[in-house]
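# Residue-level structure breakdown
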Amino acid sequence: MRQSMMFSPTLREVPADAEVKSHQLLLRAGFMRQNASGIYSFLPLGLKVLHNVETIIREEMERAGAMELLMPALQPSELWQESGRWYSYGPELMRMKDRHNREFALGATHEEVITTLVRDEVKSYKKLPLTLYQIQTKFRDEKRPRFGLLRGREFLMKDAYSFHASQESLDEIYDRLFQAYSNIFTRCGLNFRAVIADSGAMGGKDTHEFMVLSDIGEDTIAYSDTSSYAANIEMAPVAVNYEKSDEAAKEIEKVSTPDQKSIEDVSRFLNLEAAKCFKSMVFKVDDKLVMVLVRGDHEVNDIKVKNLYGAAVVELASPEEVKELMNCTVGSLGPIGAPKDLEIIADYAVEAIVNGCCGANEEGYHYINVNAGRDYTVSQFADLRFIQEGDPSPDGEGAIRFAQGIEVGHVFKLGTRYSEAMGAAYLDENGKTQPMIMGCYGIGVSRTVAAIAEQYNDEGGLKWPATVAPFAVHVIPVNVKTDVQREKAEDIYAALKKQGYDVLLDDRQERAGVKFADADLFGIPVRITVGKKAEEGIVEVKNRQTNESQEMRVEELSNYIADILK
Ligand code: 9G3
């Protein structure tokens, strides 16, 4: 490719609203441009990287025995009504009407479409297992698109779906695709971890997320400092046995705590450690109000509350709802004197508190010497808190540490949630009708491009791994007005292309500084600079990953390049 003909508008300055490196550099290097919030065009260089990631995905999906198809983005609302999701998804699901006023969803995912397709075409166990995938544009009307391709409203996803006649068959394909994902992210050069995850609204039990470690990652990973245990903090179970202190229960007392708002204030004011105090919070679980108690130095994990009730939505009750229910502000809440019909659940840690302290449901007052069972009743103790750094790892080995991650993949064992909803059944070997057992597997393809850019950059620009780089070699004649430099560069360009490399030749009439600045932004793995020593047959070669340069005879180029690109 000749750069004089390539469309790659580079920027000198950092775009104002781009907060993270990958977003800034993909814009500055002319790899993409924003059309609207969360909506991007891939320019030629960005599209080449996207295609290279897709190629890796296709190779690994084929190797895992999956077949590619392509489903429509326009999905009749009837399908989502059958699965019940037409009403359970809110503004995030983009909807439209056609000219006949029929309603459609713009595909956010394709469980409904694929399940009806397989339902209509597969009737016998002999046709199972079946694993199908697509690489296709998805639409999700994110409330706050951010970080460029990392959280867009129109993005490219590889979504796969598997159909089985037995749990063993699902387990086998799940493991095979799990391995395929590891291969994909390894080949993309990413530093990732597969973490145990929460299946959320998808149901099913086993699910893993593939997280790229990154300080700007939105997800928090709880991992063991000695074993391979790693889980999304949303679901990481807390494996702590709380020792109930043997101090005698004292007489409960209501004490004045004027202007003491937080647990820290109260524990300092009463000279009690935070672990003796407990927090009371009221949540709306679907449409029921529930009071949740956790120890003062812990935080309520709302996902665990949601999973305890199998609820669709769990959110904090509003101050108004709290006022109406308890006749006090959220800062003074406590279980003592709560309405009899208010369900109270508590984290296991609260059960071990002897002579604790809690809000008195009255501004400026707290109770001390509070003991569960005697002073208030809890309908259920459960693991309801977020795991914390230093907690023992749930696998019993080592202690928990946190890391931030970017979710680039998510695999689920779905079970029969969709096949039952959509009537996808097969006749088993005894002629009995059974619902198909399903798995589903997603990769954020455009998000993966951004994750790679996030991991591979320096002050000069992007530094693509050879496996996904838009070109393998960048040939730059320093001054195209000097015949020997221009001709030598053209020879090298032709020779490398003949050897099968994808080569970019900077044949522009630009100052050297401009050429090198653009080359640093593009991040092509090998750069060959043809300068003054061209007439001696000597060029300068630079490894963009390490930024090491060296002079070399033209004849030695192919060995050097082969070595860097392997
Ligand atoms: C929606 C909207 C957003 C969504 C979904 C549906 C996430 C939704 C979960 C999945 C599950 C798997 C197949 C590939 C792998 C992931 N956000 N999910 O179902 F309507 Cl607006 O997408 N789908």
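Owing to the predicted nature of the structure, the values given are computational and were not obtained by experimental measurement. (Residues numbered from 1 in each chain as written. Predicted model: local features only at pLDDT ≥ 70, side-chain atom pairs only at ≥ 80, totals over all residues. Heavy atoms only, no water.)

### What to know about the layout of surface pockets
Empty space left among the atoms is revealed by rolling a probe the size of a water molecule over them. The space that makes up the second largest pocket amounts to roughly 370 Å³. Lining the second largest pocket are 22 residues, and of these Lys 279, Ser 280, Met 281, Val 330 and Gly 331 sit closest to its centre. With five residues, the single largest contributor to the lining of the second largest pocket is strand β14 (residues 278-285). Of the residues belonging to the lining of the second largest pocket, the class tally is 14 nonpolar, five polar and three charged. (1 Å grid on protein atoms, 1.4 Å probe; cavity = no way out; pocket = protein on both sides within 12 Å on 5 of 7 lines; lining within 4 Å. Points joined across faces, edges and corners; volume = space filled by probe spheres on them. Helix = DSSP H or I, 4+ residues; strand = E, 2+ residues; numbered from the N terminus. Nonpolar A, V, L, I, M, F, W, Y, C, P; charged D, E, K, R; others polar.)

### Describing the nonpolar core
Residues Phe 31, Phe 185, Tyr 441 and Trp 464 are the most contacted members of the largest nonpolar core, which totals 61 residues. Ranked by the residues each element gives to this core, the list is headed by helix α6 (residues 167-187), at eight residues. Two domains each provide a minimum of three residues to this core, namely domain 1 (19-237 + 402-454) and domain 3 (471-564). One finds Val 113, Val 122, Tyr 161 and Met 422 within the second-largest nonpolar core, a separate group that totals 26 residues. (Core = buried A, V, L, I, M, F, W, Y, C linked by side-chain atoms within 4.5 Å. Buried < 20%, exposed > 50% of the residue type's maximum accessible area, 1.4 Å probe, protein only. Domains from an automatic or database assignment.)

### Overview of the side chain of Ser 83
One can find Ser 83 in helix α3 (residues 77-83). Engagement of the side chain of Ser 83 in a polar contact is seen with the backbone nitrogen of Arg 85, the distance being 3.3 Å. Excluding residues that lie within four positions of it along the chain, Ser 83 makes contacts with Glu 112, Arg 417, Tyr 418, Ala 421 and Met 422. (Polar contact = N/O pair within 3.5 Å; in protein donor to acceptor, adjacent residues only side chain to side chain. Contact = heavy atoms within 4.5 Å.)

### Structural notes on the side chain of Ser 8
Note on placement: Ser 8 falls in the segment before α1 (21-28). In contact with Ser 8, other than residues within four places in its own chain, are Gly 30, Leu 45 and Phe 522.

### Re the packing of helix α2 (residues 44-63) against α6
For the pair α2 and α6, interaxial distance at closest approach is 9 Å and the crossing angle is 155°. Taken together, the axis directions place α2 and α6 in an arrangement best described as roughly antiparallel. In this structure, α2 meets α6 at a crossing whose hand is right-handed. Contacts between α2 and α6 involve Ile 56, Ile 57, Glu 59, Glu 60, Met 61 and Arg 63 from the former and Leu 177, Ala 180, Asn 183, Ile 184 and Arg 187 from the latter. (Axes fitted to C-alpha atoms, helices over the stretch in contact; angles between N-to-C directions. Parallel < 35°, antiparallel > 145°, perpendicular 65-115°, else oblique. Left-handed = near helix turned anticlockwise from the far one by under 90°.)

### Digging into the site of the ligand
Taken together, 17 residues surround the ligand, and among them Arg 85, Thr 109, Glu 111, Arg 140 and Gly 442 come closest. Side-chain polar atom of Glu 111 to a nitrogen atom of the ligand: 2.6 Å apart, as the coordinates give it. With respect to the ligand, the side chain of Arg 140 contributes an N or O atom lying 2.9 Å from an oxygen atom. Taken by itself the ligand offers 500 Å² of open surface, and the protein chains cover 91% of this. At the level of secondary structure, the elements contributing two or more residues to the shell around the ligand comprise β8 (154-164) and β24 (437-444). Considered class by class, the residues forming the shell around the ligand number ten nonpolar, two polar and five charged. (Near = heavy atom within 4 Å. Areas by Shrake-Rupley, 256 points an atom, 1.4 Å probe, with all protein chains shown as cover.)

### Focus: the environment of Ala 450
Following the sequence through the fold, Ala 450 ends up in helix α12 (residues 445-455). Separated by 302 residues in sequence, Ala 450 and Gly 148 have C-alpha atoms that sit 7.9 Å apart. Ala 450 has contacts with Ser 22, Leu 26, Leu 149 and Leu 150, leaving out every residue within four places of it along the chain.

### Considerations on the sheet that holds strand β19 (residues 365-370)
One open sheet accounts for three strands, arranged β13-β19-β18; its pairing is antiparallel. The sheet is open, and its two edges are formed by β13 (253-256) and β18 (356-359), each paired on a single side. Taken over all neighbouring pairs, the strand axes of this sheet differ in orientation by 30° on average, direction set aside. Where β18 meets β19, three bridges bridge the pair, whose relative direction is antiparallel. In the strand pairing of β19, Cys 358 is matched with Tyr 367. (Pairing = 2+ DSSP bridges.)

### Some remarks on unusual backbone geometry
If a residue is not glycine, its phi is most likely negative; likewise, a peptide bond is most likely trans. Residue Pro 129 is reached from Leu 128 by a cis peptide bond, and omega for that bond is 5°. Among the structural elements, Pro 129 can be located in the loop between α5 (111-121) and β7 (130-139). If you check the backbone angles, Asn 547 has positive phi at about 60° while not being a glycine. Counting through the fold element by element, Asn 547 comes out in the loop between β30 (538-543) and β31 (548-553). Of the residues examined, Asn 547 reaches a relative accessible area of 30% and is grouped as partly exposed.

### Regarding empty space enclosed by the protein
This structure, assessed with the given rule, holds one cavity of 30 Å³ or more. Here the largest cavity defines a volume of roughly 60 Å³. Lining the largest cavity are Thr 257, Gln 260, Lys 261, Thr 329, Gly 331, Ser 332, Glu 363, Gly 364, Tyr 365 and His 366.

### Focus: the domain arrangement of the protein
Domain parsing of the protein yields domain 1 (19-237 + 402-454), domain 2 (253-382) and domain 3 (471-564). Here domain 1 and domain 2 have C-alpha centroids that lie 38 Å from each other. Buried surface at the junction of domain 1 and domain 2, summed over both partners, amounts to about 380 Å²; 38% is from carbon and sulfur atoms. For the interface between domain 1 and domain 2, the tally reads zero salt bridges. Remark: the boundary between domain 1 and domain 2 carries four residue pairs in polar contact (both at pLDDT 80 or more). The residue inventory of the side of domain 1 that touches domain 2, partitioned by class, reads four nonpolar, one polar and two charged. (Buried area = accessible area lost by both parts, 1.4 Å probe. Salt bridge = Lys/Arg side-chain N within 4 Å of Asp/Glu carboxyl O.)

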